[in-house]
Amino acid sequence: MNAREIRLAARPQGFPGPDAFQLAETAIPDPAPGQVLIRNLYMSLDPGMLMMIGAYPDIPMPPYEVGAPLSGDAIGEVVASGEPSLQEGAIVLHRQGWREYALADATQVRQVDPYAYPSLSTYLGFGLVAYAGLTAVAGLRPGETVFVSSAAGATGSMAGQLARLLGAGRVVGSAGTPDKVAHLTGVLAFDAAFDHHDGPILDRLREAAPGGVDVYFDNVGGEQLRAALAVMNPHGRVALCGALARQSAGGRADAGPGDPMRLIGKRLTLRGFTVGDHLDLAPEFGRRLRQWLADGSLVYEETVIDGLENAPQALLDLVRGAYTGKVVVRLTR
């Protein structure tokens, strides 16, 4: 029996098209001692994957190799095991998405409770990224004003809601369409939101945050970062999480954060991070997330794409802003 996987067919120049991906079949291997064979159930789509496809410089992860399968977070069921501590039927998280079956060393997977959430796909959400950025990186304090860019996306929608739950006094978001703006202030209860296409971003942000911004959760970079720095209050903090402006421009760098004297004069802190830096927060966040979901304090949004063959187009659509909330691919067939 064979299984399917998505490989990188060619390194694109600029924004990739469908021809950068190849759907291929491969034999399903047997696990050696210390290994497990996993039937993947869901895999995550992440805007950062675009940077790995293009092999852009300065990204904090190795690029995908041409001719090899792509990778990313996935959750699946152990169907054969060479490791006594992981029996068949165990549900595990790992990093070998973009394929229907994954062979992994037991040390590279984490067994999880299959009943902790309504769907196993919830484990693939970006809540821990948002939680770490607001707490460990930005040091959010009660009563502060928080601005989140790309606030209708998987990370941004969580960051805005978590900011409120962690005590923010005002939460402001940006998005790319009027419908998404309405979604932020309606369903997700942001205090204010604006469409970043609707005139100068600096003007829109000043209107939405008349008292200035204390914490900026940055998923975009570019003009939105420069606008945030202009309205930041003294001693403001920026959690640098993503670079959608660069990713959607095919990897071309933008003009950076602007005048460094502004950063110095306001004593601002800009700190880049990845979730891998803060995995120690996972148990704490998991407990809080389960409580927030149970009592209805947090809205968890998810778009499910069926079929591995549809994953490449869904990734391209995701980066272009086609979805709200988290996007996962359901791999079972």
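Residues numbered from 1 in each chain as written. Predicted model: local features only at pLDDT ≥ 70, side-chain atom pairs only at ≥ 80, totals over all residues. Heavy atoms only, no water.

Participant: Provide a residue-level description of the nonpolar core, including the pertinent values.
Facilitator: Ranked by internal contacts, the top residues of the largest apolar core, which has 48 residues, are I75, L134, V146, L162, L184 and F285. If you look at the next biggest cluster of nonpolar residues, it comprises 26 residues, including Y64, A74, L308 and V327. (Core = buried A, V, L, I, M, F, W, Y, C linked by side-chain atoms within 4.5 Å. Buried < 20%, exposed > 50% of the residue type's maximum accessible area, 1.4 Å probe, protein only.)

Participant: Go over the side chain of T155, please, and point to the residues and values.
Facilitator: Mapped onto the elements, T155 comes out in helix 3 (residues 154-165). Residues in contact with T155, not counting those within four places in the same chain, are F126, V129, A130, F217, N219 and C241. (Helix = DSSP H or I, 4+ residues; strand = E, 2+ residues; numbered from the N terminus. Contact = heavy atoms within 4.5 Å.)

Participant: Got a sec to walk through empty space enclosed by the protein? Specific residues and values, please.
Facilitator: Think of a ball as big as a water molecule: rolled over the atoms, this probe shows where empty space is left. Under the definition given, this model contains one cavity of 30 Å³ or more. The volume enclosed by the largest cavity comes to roughly 40 Å³. Top element by residues in the lining of the largest cavity is helix 3. It accounts for four residues. Per-class residue counts for the lining of the largest cavity are four nonpolar, three polar and two charged. (1 Å grid on protein atoms, 1.4 Å probe; cavity = no way out; pocket = protein on both sides within 12 Å on 5 of 7 lines; lining within 4 Å. Points joined across faces, edges and corners; volume = space filled by probe spheres on them. Nonpolar A, V, L, I, M, F, W, Y, C, P; charged D, E, K, R; others polar.)

Participant: Tell me what's going on with the pairing of strand 11 (residues 213-218), and back it up with residues and numbers.
Facilitator: Of all six residues in strand 11, six are buried; the element is thus mostly enclosed. Alignment of strand 8 (residues 145-148) against strand 11, held across three bridges, turns out to be parallel. Paired with V148 across the strands is F217, a residue of strand 11. Bridge analysis of strand 11 against strand 12 (residues 232-240) gives five bridges, and the strand direction is parallel. Residue D218 lies in a different strand from strand 12, and its bridge partner there is L240. (Pairing = 2+ DSSP bridges.)

Participant: How would you explain the pattern of salt bridges if you had to name every residue and give the values?
Facilitator: The tally for this structure, following the rule as stated, stands at eleven salt bridges. Linking R39 and E77 is a salt bridge whose minimum nitrogen-to-oxygen distance equals 3.0 Å. Taken as a pair, R39 in strand 3 (residues 35-44) and E77 in strand 4 (residues 74-81) lie far apart in primary sequence, 38 residues in all. Take R39: its relative accessible area is 26%, and that puts it in the partly exposed class. Judged by relative accessible area, E77 falls into the partly exposed class, the value being 25%. Of the charged contacts in the structure, one is a salt bridge between E144 and R237, with a shortest N-O distance of 2.7 Å. (Salt bridge = Lys/Arg side-chain N within 4 Å of Asp/Glu carboxyl O.)

Participant: Describe the sheet that holds strand 9 (residues 170-175), naming the residues involved and giving the relevant values.
Facilitator: One open sheet accounts for six strands, arranged 10-9-8-11-12-13; its pairing is parallel. Here the strands that pair on one side only, and so sit at the sheet edges, are strand 10 (192-195) and strand 13 (269-272). The mean inter-strand angle of the sheet, taken between neighbouring strand axes irrespective of direction, is 15°. Relative to strand 9, strand 8 runs parallel, the two being bridged by four bridges. Pairing of V148 across the sheet is with G173, part of strand 9. Of the strands in this sheet, strand 8, strand 9, strand 10 and strand 11 touch helix 5 (residues 201-208), which is tilted by about 165° from strand 10. Sheet strands in contact with helix 6 (residues 222-231) are strand 8, strand 9, strand 11, strand 12 and strand 13, and its direction is about 150° off that of strand 12. (Axes fitted to C-alpha atoms, helices over the stretch in contact; angles between N-to-C directions.)

Participant: Residues and numbers for the environment of R287, please.
Facilitator: Tracing the backbone through its elements, the reader meets R287 in helix 9 (residues 282-294). According to the relative accessible area criterion, R287 is exposed, its value standing at 53%.

Participant: Explain helix 2 (residues 127-137) to me, and be specific about the residues and the numbers.
Facilitator: An α-helical turn contains 3.6 residues, so a residue and the one three or four places further along point in the same direction. Along helix 2, nine of the eleven residues are buried, which leaves the element largely enclosed by surrounding structure. Buried within helix 2 we find G127, L128, V129, A130, Y131, A132, G133, L134 and V137. On its buried face, helix 2 is in contact with strand 8, helix 3, strand 11, strand 12, strand 13 and helix 9. One or two residues past the end of helix 2 sits G139, with phi positive at roughly 60°.

Participant: Got a sec to walk through the packing of helix 3 against helix 9? Specific residues and values, please.
Facilitator: Packed helices, taken two at a time, are described by the angle their axes make and the gap between the axes. Where helix 3 meets helix 9, the closest approach of the two axes is 13 Å, and the angle between their N-to-C directions is 85°. Classed by the angle they form, the pair helix 3 and helix 9 counts as roughly perpendicular. When helix 3 is examined against helix 9, the residues M158, L162 and L165 are found in contact with a partner set consisting of F285, L289 and W292. Considered class by class, the residues forming the contact of helix 3 with helix 9 number six nonpolar, no polar and no charged. (Parallel < 35°, antiparallel > 145°, perpendicular 65-115°, else oblique.)

Participant: So what's going on with the packing of aromatic side chains? Residues and values would help.
Facilitator: On inspection of all chains with the given rule, the structure shows six aromatic pairs. Geometrically, the ring pair formed by Y117 and Y123 is edge-to-face, given 5.0 Å between the ring centres and 80° between the ring planes. A residue is classified by how much of its surface remains accessible, and Y123, at 19% relative accessible area, is buried. An aromatic cluster of three or more residues is present, and its members are F147, F194 and Y216. Looking at K326, its charged tip hangs above the ring of F126, at a distance of 3.4 Å from the centre. (Phe/Tyr/Trp six-rings, centres within 6.5 Å; stacked < 30°, edge-to-face > 60°. Lys NZ or Arg CZ within 6 Å of the ring centre and 35° of its normal.)

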